[in-house]
Amino acid sequence: MLSNKTVGASLAIVASTALIAGCDGWMGERGGEVDITAMTAEEYAEYLVLETDSYSFEQEAQEGGSARDRMVQDGIQAACSLEGEPDADTAGEVIAMARESYEEPPGGPRLGNWRRGAELARSGYGYRIGHRNDDHGTREPGGNCYACHQMDPAEELYGTLGPSLAGYGATRGTDSSVVNYVHQVVSNPHQYFPCTKMPRFGHNNFLTEEQIAHVMAYLLDPESPVNQ
Amino acid sequence: MFKKALLALPVAMAVGAAAQAGEWQDPNDVLQNLLQNNPDSAYLHQSEMNIMMMPDNPALWLIDEGEELFYAERGPNNVSLEGCDFGKGPGELEGAYVELPRYFEDTGKVMDFEMRLVHCMKELQGFTSDDPAVARRHGNGSDIMQLTTYIAHQSSGMAWNPPLDHPEEQAMRDAGEVLFFRRGGAMDFNCASCHGDSGKQIRASVLPEMRNGQEWTKAVSWPAHRAGHDNVRSQNHRIRGCVWQMRHAGIKADTPVNTALISFWNDAARGEPAVLPDLKR
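Remember, it's a predicted structure, so these values are computed and weren't measured experimentally.

Novice: Explain the sheet that holds strand β5 (residues 224-226) of chain B here, please?
Specialist: Each strand in a sheet pairs with another by means of backbone hydrogen bonds, the pair being arranged parallel or else antiparallel. Residues and elements named next belong to chain B. Taken in spatial order, the three strands line up as β6-β5-β7 in an open sheet, and their pairing is mixed. Each edge of the open sheet carries a strand with a single partner, namely β6 (231-233) and β7 (278-280). Strand-to-strand twist across the sheet, computed as the mean angle between neighbouring axes with direction ignored, equals 35°. Where β5 meets β6, three bridges bridge the pair, whose relative direction is antiparallel. Among the inter-strand pairings, His 225 is bridged to a residue of β6, identified as Val 232.

Novice: Help me understand the interface of chain A and chain B, please; the structure alone is not making it clear to me.
Specialist: Accessible area lost on assembly of the parts is the figure often given for the size of an interface. Listed as interface residues are 59 residues of chain A and, on the opposing side, 47 residues of chain B. Together, the buried faces of chain A and chain B total about 4,700 Å²; carbon and sulfur atoms form 57% of this surface. Here chain A is connected to chain B by five salt bridges. Across the pair A:Lys197 and B:Asp197 runs a salt bridge, and its minimum N-O distance is 3.0 Å. Linking chain A with chain B are 28 residue pairs in polar contact (both at pLDDT 80 or more). Residue assignment for the side of chain A that touches chain B shows that the elements contributing at least two residues are α2 (27-30), α3 (41-51), α4 (67-71) and α7 (114-122) of chain A. Tallying contributions element by element places α3(A) first for the side of chain A that touches chain B, with seven residues. For the side of chain A that touches chain B, a count of residues per class yields 26 nonpolar, 19 polar and 14 charged.

Conventions we followed
Residues numbered from 1 in each chain as written. Chains lettered and ligands numbered in written order. Predicted model: local features only at pLDDT ≥ 70, side-chain atom pairs only at ≥ 80, totals over all residues. Heavy atoms only, no water. Pairing = 2+ DSSP bridges. Helix = DSSP H or I, 4+ residues; strand = E, 2+ residues; numbered from the N terminus. Axes fitted to C-alpha atoms, helices over the stretch in contact; angles between N-to-C directions. Contact = heavy atoms within 4.5 Å. Buried area = accessible area lost by both parts, 1.4 Å probe. Salt bridge = Lys/Arg side-chain N within 4 Å of Asp/Glu carboxyl O. Polar contact = N/O pair within 3.5 Å; in protein donor to acceptor, adjacent residues only side chain to side chain. Nonpolar A, V, L, I, M, F, W, Y, C, P; charged D, E, K, R; others polar.

Set out below in structure tokens:
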């Protein structure tokens, strides 16, 4: 929680500096009203993101709220804004935040339909905003698992940012302990991998619980091509 | 047509094959040196087709058009862009592109290349934000991309060397580094999610590593003909595409978040020769 406080404090400093400047455009425009060099790099970056009209913040985000909400960091995003691996203290804080914010689906994690999971794993559609907006009314958002992971060994187009998941369920089975663990990782992976690159598909409501159940079936179902 | 542009450059520049900072080199020679020096870089070697096509890079066709636009008397004020100072003096283009962003006294702020070009088109030539000359930022047919390709080409083979002497230049670069690692958006990504390691792939695309200078110089060498788009693209267009895929908020043109990111990008490629224009997948 330390990192949360730190970020909160820098935001307060940035906000007061903006008041001094009279909120009149971004400071570089008039020159010298605010001493940029008196800010830390973190304060200046936060100022650039939130106070300089650099983003189309007024746009609606598909998950509700505005584009601005996307760029305001939560505790895990702030703590993991670092190069390389987190130190032990940060890792511990991130794991604690992830555990605290993890939500089990009603009735507990379950496996859905692996065929639906295969479609979701391949689809990179959804939640993009800016010069072009993904329309969830015409097309369902996907999980884009193949962007980073190998899954079905027969699929040739897969990314390597994450570990290979080929045969993932074949060696692990479908006991409730396995199903519970996989749900925790897909929903909020920082519980086990603090500051992982992997999105929090459940916590961020990027995938619905039903979609997560399908993706989990694709990963664990003995019938799924991932496990052949 | 582009041969004319090449011949128009001083002969000493065109024959300079040695990889020396400050000397103009044909973009294909720059690329060949990078490939030779980095036989194990999966990023640099990923597209045999593009490497083969490089001498006939379609981006080269924009150079002549950009040159004509640069020297033409245009806009409501009917003047050329020869009065535009990209940091090396009015109309001095040689080496200017690789020494941006920089602090400009006349505007009192750090400006990246496109921001500066637009500033000159408005202030000198009298174009307004709504004029297509300024409003259209992307595509081979846009004035901005033709001018960008012509001007950037005058720095091909020269080492990235954005100045950091002015405190605002240093502050902008440092903020850009923070932004590179700042996680956000619906997928919790930062730039390093994809550019933190060498040889990683997103689907079929091999990604450049930011801390690997010889990969990174090619990565930030825009303008480049992007084969998949069949158009020449800019650094700003690359940023736009990245933040869109990252599910961040969209960044507007001519804004300081762009400038900060480009300040850091170009600094991360410091000392490495620029490939201008490049050809990308």
